[in-house]
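Observations on chain architecture
Each chain is listed here by its residues.
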2 protein chains.
Amino acid sequence: MQTETKEILKKRIDIAMGKIPADLVIKNCKVVDVYTGRILEGDIAISDGLIAGIGEYNGREEVDAKKAYAAPGFIDSHIHIESAYVSPEEIGRLVIPHGTTTIVADPHEIVNVSGLTGMEYMIDASKKTALDIKYMLPSCVPATPFENAGAIVEAEDMSDMLKEDAVLGLGEFMNFPGIIEAHDPVLNKLVAAYQENKLIDGHSPGLEGNALNAYASARIHTDHECSTVEEMLDRLSRGMYVLMREGSACHDLRSLLKAVTSTNSRRCLLCSDDRQPKTIFEQGHIDGHLRICREEGIDAITAIQMASLNATECFHLFDRGAIAPGLRADIVLLEDLEKFQVQKVWIEGELVAQEGRYLLPIEKQDISSVKGKICVKDFSKERLKLQLKSNRVHVIDILPGGVVTGKGIAQVQLDQDGNFLYNPEEDIVKIAVIERHHGTGNVAVALLRGYGIKKGAVALTVAHDSHNIIAVGVTDEDMEFAVQQLIAQNGGFIIVHEGKVLASMPMPIAGLMSDQSGEWVDEKLTQLHEIAHRELEISRDVEPMMTLCFMSLPVIPELKLTDMGLFDVNTFQFISVEADA
Amino acid sequence: MQTETKEILKKRIDIAMGKIPADLVIKNCKVVDVYTGRILEGDIAISDGLIAGIGEYNGREEVDAKKAYAAPGFIDSHIHIESAYVSPEEIGRLVIPHGTTTIVADPHEIVNVSGLTGMEYMIDASKKTALDIKYMLPSCVPATPFENAGAIVEAEDMSDMLKEDAVLGLGEFMNFPGIIEAHDPVLNKLVAAYQENKLIDGHSPGLEGNALNAYASARIHTDHECSTVEEMLDRLSRGMYVLMREGSACHDLRSLLKAVTSTNSRRCLLCSDDRQPKTIFEQGHIDGHLRICREEGIDAITAIQMASLNATECFHLFDRGAIAPGLRADIVLLEDLEKFQVQKVWIEGELVAQEGRYLLPIEKQDISSVKGKICVKDFSKERLKLQLKSNRVHVIDILPGGVVTGKGIAQVQLDQDGNFLYNPEEDIVKIAVIERHHGTGNVAVALLRGYGIKKGAVALTVAHDSHNIIAVGVTDEDMEFAVQQLIAQNGGFIIVHEGKVLASMPMPIAGLMSDQSGEWVDEKLTQLHEIAHRELEISRDVEPMMTLCFMSLPVIPELKLTDMGLFDVNTFQFISVEADA
C-alpha cells in the first residue's frame, strides 16, 4: 500500500467508475463474498493487479468465467517449504494450480543449516515465483543446546531481518519452556519482535492452564500444533489464532473442525506445516483442506474464509483476502464449492495457472550461497567403531509413526575388543550422526532397533532440526561409503550396498532441497523407498527415509542421537550406550 | 507494544505462571470470551496494566467480582466529541462509567475552526483522561469551497500529523464526489494516508453501484452513514466495515441490526457519531447500543464483539478488544448481558469507574491555544440590512428534523428603500452568517421560514461545518446585540431580547465546546431551550439551537446560507435572495 501512486489510484477509480476499460475483466463470475457470505453475480474489473470493482465492466482483455465461482486466492498459513524437498520457485509451481496464492513459510530448516544466508536465499528465490511467499524468521536456531546446528541466531541477529517487508515476524516459538521460564535470551528475541511490531508464531503442544497463559501473555499469536478440540479452544480463548493442520505427516484438520463454530471460525485458519510433492499431486494443497472441510460439514463460505480472510487478518495482510475493490486480484476460479476443482488462478491480475498447469516460465534463483553446506572433518569408518564395556545396551526403538521413539534395552554381541558386532538374527544396527556444518569432527554412534535393514546403508543430510548427517547401516564400510557418496552429491538421500550407490536424491540446496522439479523429487523418493524395502530389506512398516530424518530431533521423546551423543528426552540428559553405565 | 521492556514481560510471565502475586486480581468473574463465545469462570490476573492470565490467581490487590460478567471495554468507533459540547477530558468522565474505554474521535469541527492547532489541543487534552481517545485526522477542511472555515488542511499539511501514534488515519471522507471524480487534491490526501499506512474513514450516504466501487477502491475503510440494510450490505461486500450509528441525532442501529448475521457480524461495529450529555445521562453510551442489540434479538456475545473485538480489528488496535493474556486490562464488570448495567470499569488495570461514578481526579488541559477563536471585522447592525429589488424572495424553509431544508418562495414586505420588514403575521425572519475566523468582514443575510421566533434573537458559533456565527432575530438591533454578546462570551449559544441576555452557554473552546461539566452543559441547554420556546416563542416543533447549527451546512439539501451567500445545494450554486433575480 505504501508504494501506491496517485496515477495508479486515479486509473483504478476511473476503471471502477466505468470511464475507461479495465486492464482485465473476468466476466460472468459467481463472486464468493467472504464478508457477507453471499454469492454476487457479476464481472470483476482489474486495474494494475488490483480489483477495481465488481459489477458490469468492459476490459482491454476479457475472460468469460461462464458462471464459475470466483474466490479469493487461498493462503497456507504455516508451511516449511524445505519439507517438500523443493525450492521456493518450485513450490510455487506446484501449489499455484491448486489455488494457493500466498503462503506463510517458516524456513526453520535452511536457517538451521545456513543461518540468515539461508533466509536471504529463500527470500530471493521467492521473487522468482508468482506465489507470494511471506516469511517468519525462525526463532529457535539451534532448536536445542544439545546439538550443533549450522548457525546460531540470537536476538541481536534478528532485528535487521525483522525489518524486511517479506518477514512477518518470528517463526514457531518451539522453545516454550524458555518462554514460560522467562529465560533471558528468549525474552530478548520476543522484545526484538515487539520492537519491529512483528508477529510471533507459536508451537505449544500439550501446554495448558497457567503455562499456556504465560505463553500467550508473551503475545504468541498462533498455534498450529493443536490435535484436540480442547487444546484448540484453550488457545482460541487466550487470543491465539489456531492454524488447523493437514500435512503429509500430521492430520489434525478433521478432528479440529469439530470445534469450529460460527462464533470462533474467524480465528481459525488452514495450514499444511509440511506438504510433500506426492501429497500435492494426490490431494492438492489448500483446495484439499477445503474438500475436507466440506466433507466434515463446514459451510463453504466459512471454509473459504479460513483459507483467505481469516489468514489475512491473522497475519495483517490487509491488501488481500477477499474479492473487493482495492485488494490484490488474487483470484481462484472454481467449478463448485464442494470439490473445489480449480479452473484458473490469477495472482495480482495475472493468469498464472489454468486446468492444473502453471503458466509462467520457470526461472530459478542462483543457489551458490547455500549449495552443499557440508563441512565434515576427520570422518572415516574408524569413527564408526562402537566399543562397549558391556553388552547390555540402550537402543533407540523405532515406533509406529516413526517420530516418537522408545528407549529400549537389549543384549548385543561384542567382538574380543568390545566392539559391537552386527547380528543378522537381531534387528539392531548402528546409527551415526556426523556433524556437517563446522568441521567439528563430531561423530556420535548408537544403536537402532526396528528399522529392519539387512544389507548396505542409508545416509541423509535431512535430519531435524540441525540437519547433520545421519547414517544407518549393517557394516561400517557401507556406512562410510554412504556418507562419502552423500557428501560428493551435495547431500540429500542415498542408499548404498557393497560399494555401489543403489539409489540417491542429491539435494544441493543446503542439503535440504533439490533444485529439480517436484515430479523428479517424487520419482526419486519413490525409487529410494522401493530400493530401501526391496534391496536393503528395510521393514515395510517403516517409511525408510523420513523415519531417519527424525532420529536426531532431541525435543521429541524418547531417545534420540545428536552429533553430541545419545540423548534421553525424558530426562533431558545425554546417556551412555551402555545400559549399566 | 513497541515500548514493552523485558522486565515488564518477565514480570507478566511470572505472574501468569503463578510464581509471584499479580498487581491486581479480579476474582470470581464470568469472563466473556469474545473469541469463542464461551463464558469462562475464573480470576483475571493483571500485570502492569495488561492481562497476564485467566484462571486461579492471587494478587497484591484483589477485587471480588462475585460472579459478575467481565467483558472487554467498549469502543465507540466513530464520534465527534465536539457535538457533546464538552472537552475530551469531560467526555471521558461521562462515558467511562458506561463501560467505554476507547473511542475513535474525528475532531472535524475544531479543526475547521482552529486547524491542526485544534487537533493538537484535542490530542493533548486526551492525555488527561483515562479514556483512550484515538483520532482520525479530518480529511475535508474546509468541508466545501462555498464557505470560509478557520483553516485549510491540504495533503501536504497532513503527513506529520498522520505519523502520530494517536492518529489512526483520515477522518470521514465526506468529499466522495472528489474521490469518484478523482480530483487531484483529493488523491493527494489519500496517498498521504497510504504512505503512512493509515486508515481512511468513509462517509457515503446513498452511494451505490460503480460509484461505490470507485469509492471503496480508494481503500475507504469504513462507513457510518448507512441507514438501510441494502446500503449496509453493499458496503460490507466491498470490504468496508460498517459502523452502526445510534447518536443523539441519528438512529440507524435498530434498522441495521436486521442485516447482521453470524457471517457478517465481524465487520459490524457500534458508533454514536454524536452523543450529547443528555443522551448519555438518559441512555448511556455503547452500553445503550448493547441494550438495543439485545432488544433486537442479537446474541449477547455477538453484540459485545461489535463493541470490542470487531472495532479493534477494524482500527488495527491489536493491544485490546478481548480479555486475554497480553492485552490491555480494559475491563467492564456487568451485572448481566441483557441490561448491561455497569458495575465497575478498569482501564489498563486501573479502577476508573464504579456504580456510575468516575473515580479519577479531574484535570483539565489548558485551552489558551483554542480559546475564543473569534475574529469578526466591521460588524454592526448596518451589515444586517437586506435591501431587495423585489418582494418575491427565496426563503430557507425549516423542515421536520431540522437538517434538510426546503427552498421556498414567499412574498415579503419591504420599506420605501426596499429593505426587508419583519411582519409578525408571517413566520419569516432574517438569518445572518457572520464570518468569524479571518476578519474577512463577510456577512451574508437571507430569510428563514418556520422557526416561529416572535421576539429577540438567537446567535451561535456552532454552525456546521465552518462554524461561523449564525444569528436569527426579529430586529436588527436584537441580532446585533446577540452577536456582540456572543463574541464577548467567547462563543457558544445566546438568546437575547431588547438589550438583555435571557440565556447563554459560553463555549470558550474554539466556540464549540464548553470547559464546564456535562451536567452544566445539559442544564444550560435545557434553559436555552425553555427560554427559546417560552420567551422568544420559537416553535415547539423545532429544536431551537441544533436546528440553526445546520443552517450553513452546504452539503445538505436544499437551501443553506454560508458567509459567502445563499447556497442552492441542488444546483451547487449561490443564488440571490430575490426569487426573480
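Keep in mind that this is a model prediction, so the values were computed, not measured.

**What to know about helix H6 (residues 184-195) of chain A**
For H6 of chain A, with 12 residues, the first-to-last C-alpha span of 16 Å sits near the 16 Å given by 1.5 Å per residue. Of the positions making up H6 of chain A, those classed as buried are Val186, Leu187, Lys189, Leu190, Val191, Ala192, Ala193 and Tyr194 of chain A. Packing partners of the buried residues in H6 of chain A comprise helix H4 (155-162), strand S9 (167-173), helix H5 (176-180) and strand S10 (199-202) of chain A together with helix H1 (6-16) of chain B. Immediately downstream of H6 of chain A, the backbone of Asn197 of chain A shows phi near 60°, a positive value.

**What to know about the interface of chain B and chain A**
Often the size quoted for an interface is simply the accessible area lost on bringing the parts together. Each partner contributes to the interface: chain B provides 68 residues, whereas chain A provides 68 residues. Interface area for chain B against chain A, summed over the two sides, is near 5800 Å², with a carbon-plus-sulfur share of 52%. At the boundary of chain B with chain A, the tally comes to 10 salt bridges. The salt bridge partner of Lys6 of chain A is Asp184 of chain B, with a shortest N-O separation of 3.1 Å. Remark: the boundary between chain B and chain A carries 28 residue pairs in polar contact (both at pLDDT 80 or more).

**Concerning the relation of the copies chain B and chain A**
The transform that puts chain B on chain A rotates by 180° and translates by 0.0 Å along the axis, for an RMSD of 0.0 Å. Both copies of the chain, as the preceding transformation shows, are related through a two-fold rotation axis. Relative to the rotation axis, the C-alpha of Ser262 of chain B is the closest in chain B, positioned 3.0 Å from it. Comparing interface residues between copies, 100% of those in chain B also sit at the interface in chain A, which points to an isologous, same-surface contact.

**Quick word on the packing of aromatic side chains**
Under the defined criterion, the tally for this structure stands at 15 aromatic pairs over all chains. Residues Phe567 of chain B and Phe574 of chain B carry aromatic rings whose centres are separated by 5.2 Å and whose planes lie at 70° to one another, so their mutual orientation is edge-to-face. Residue classification places Phe567 of chain B among the buried residues on the basis of a relative accessible area of 0%. Through pairs of rings, three or more aromatic residues link up here, namely Phe146, Phe567, Phe572 and Phe574 of chain A. The residue whose ring lies beneath Arg219 of chain B is Tyr194 of chain B, and the NZ or CZ to ring-centre distance is 5.5 Å.

**Examining the state of the cysteines**
All names here are of chain B. Using the criterion set out here, one finds 0 disulfides over all chains in the structure. Looking at Cys314, it has no disulfide partner, and the nearest cysteine sulfur is the one in Cys271, 10 Å off. On the accessibility criterion, Cys314 (0% relative accessible area) is buried.

**Some words on the pattern of salt bridges**
Evaluated as defined, the whole model comprises 83 salt bridges over all chains. Glu181 of chain A is the partner of Lys19 of chain B in a salt bridge, and the nearest nitrogen-oxygen pair spans 3.0 Å. Placement of Lys19 of chain B in the loop between H1 and strand S1 (22-32) and of Glu181 of chain A in the loop between H5 and H6 is noted, with the two residues assigned to different chains. Lys19 of chain B sits in the partly exposed class, given a relative accessible area of 46%. We note a salt bridge from Glu196 of chain B to Lys163 of chain B, for which the minimum N-O separation is 2.7 Å. With a gap of 33 residues between them, Glu196 of chain B in the loop between helix H6 (184-195) and strand S10 (199-202) and Lys163 of chain B in the loop between helix H4 (155-162) and strand S9 (167-173) connect regions that are remote in the sequence. Of the residues examined, Glu196 of chain B reaches a relative accessible area of 23% and is grouped as partly exposed. The exposure class of Lys163 of chain B is partly exposed, given its relative accessible area of 49%. Counted as one network, the salt bridges with shared partners bring together Asp132, Lys134, Asp319, Arg320, Arg328, Asp330 and Glu348 of chain A.

**Focus on the environment of Gly284 of chain A**
All names here are of chain A. By the element assignment, Gly284 lies in the loop between helix H10 (277-283) and helix H11 (286-295). Taking the relative accessible area as the measure of exposure, Gly284 reaches 2% and is therefore buried. As for Gly284 and Thr100, which are separated by 184 residues in sequence, their C-alpha atoms are 9.9 Å apart. If we ignore the near neighbours within four places in the chain, the residues touching Gly284 are His98, Arg275, Thr279 and Arg291.

**Examining the side chain of Thr222 of chain B**
All names here are of chain B. With respect to the helices and strands, the residue Thr222 is situated in strand S11 (residues 222-223). Overall, Thr222 belongs to the buried group, its relative accessible area being 0%. Excluding residues that lie within four positions of it along the chain, Thr222 makes contacts with Ile200, Asp201, Gly202, Met240, Tyr241, Leu243, Cys314 and Phe315.

**Brief notes about unusual backbone geometry**
Cis peptide bonds are those with omega within 30 degrees of zero, and the linkage from Val141 of chain A to Pro142 of chain A qualifies with 0°. Locating Pro142 of chain A in the fold gives a position in the loop between strand S8 (132-137) and H4. The step from Pro557 of chain B to Glu558 of chain B runs through a cis peptide bond, and the omega angle for that step is 15°. Summarising the element assignment, Glu558 of chain B is placed in the loop between helix H16 (546-549) and strand S28 (559-562). The residue Lys373 of chain A is not glycine, and still its phi comes out positive at about 55°. Assignment of secondary structure puts Lys373 of chain A in the loop between strand S17 (357-358) and strand S18 (392-398). By relative accessible area, which is 34% here, Lys373 of chain A ends up partly exposed.

Definitions and limits used
Residues numbered from 1 in each chain as written. Chains lettered and ligands numbered in written order. Predicted model: local features only at pLDDT ≥ 70, side-chain atom pairs only at ≥ 80, totals over all residues. Heavy atoms only, no water. Helix = DSSP H or I, 4+ residues; strand = E, 2+ residues; numbered from the N terminus. Expected span 1.5 Å × (residues − 1). Buried < 20%, exposed > 50% of the residue type's maximum accessible area, 1.4 Å probe, protein only. Contact = heavy atoms within 4.5 Å. Buried area = accessible area lost by both parts, 1.4 Å probe. Salt bridge = Lys/Arg side-chain N within 4 Å of Asp/Glu carboxyl O. Polar contact = N/O pair within 3.5 Å; in protein donor to acceptor, adjacent residues only side chain to side chain. Least-squares fit on C-alpha atoms with pLDDT ≥ 70 in both. Phe/Tyr/Trp six-rings, centres within 6.5 Å; stacked < 30°, edge-to-face > 60°. Lys NZ or Arg CZ within 6 Å of the ring centre and 35° of its normal. Disulfide = S-S within 2.5 Å.

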